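Summary of the model geometry
The lines below spell out each chain.
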Amino acid sequence: MANDLRDFLRGKAATMRTELRAAVVSEFTQRTGKLAGSFRERVVTQNGDPVGVSFELPRYGYILHHGVKSGTVVKRKSGQYTTKGIPKSGYITSVLDKHVDDIGDEAAKYYGNEVDKRIRF
């Protein structure tokens, strides 16, 4: 049963990775090739049981998602600079929202049965 959930999560993660790559390419016009190719998905496990999906991407992928306020001072070893600002895009959330219900329903099917089996009166 856990393997069924793991296989479902792998398939869903592959679909989400494809949609994240497409969202990056359609949303941003510059330097999207490296970011689009950098999404790495994995199935998250706890105590050997699959519990969800996680994605890894470069830090600037998150910055593009959340945006940067104009006039923010960024300090580095080589000096500091003031940002011009990057508008918030929310491309990650738009993809996650499409799939969160399916993943939740599938996990509830598996873990609901497991909890039901373990209840004793």
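In the block above lies the structure referred to throughout.
Predicted model only: the values in this text are computed from it and were never measured. (Residues numbered from 1 in each chain as written. Predicted model: local features only at pLDDT ≥ 70, side-chain atom pairs only at ≥ 80, totals over all residues. Heavy atoms only, no water.)

1. Points about the environment of V74
With respect to the secondary-structure elements, V74 resides in strand β3 (residues 73-76). Residue V74 is classed as partly exposed on the basis of its relative accessible area, which comes to 24%. V74 sits 18 residues away from I92 along the chain, and the two C-alpha atoms are 24 Å apart. Ignoring any residue separated from it by four or fewer positions in sequence, one finds V74 in contact with G79, Q80, Y81 and T83. (Helix = DSSP H or I, 4+ residues; strand = E, 2+ residues; numbered from the N terminus. Buried < 20%, exposed > 50% of the residue type's maximum accessible area, 1.4 Å probe, protein only. Contact = heavy atoms within 4.5 Å.)

2. Some thoughts on the side chain of H99
Turning to its location among the elements, H99 is positioned in helix α4 (residues 91-118). Ignoring any residue separated from it by four or fewer positions in sequence, one finds H99 in contact with K12, T15, M16 and E19.

3. Things to note about the pairing of strand β1 (residues 40-46)
Relative to strand β2 (residues 49-56), β1 is paired through 7 bridges, and the arrangement is antiparallel. Note that in β2 the partner of R42 across the bridge is S54. Count of turn residues in the β1/β2 antiparallel hairpin: 2 residues, of which N47 carries a positive phi of about 55°. (Pairing = 2+ DSSP bridges.)

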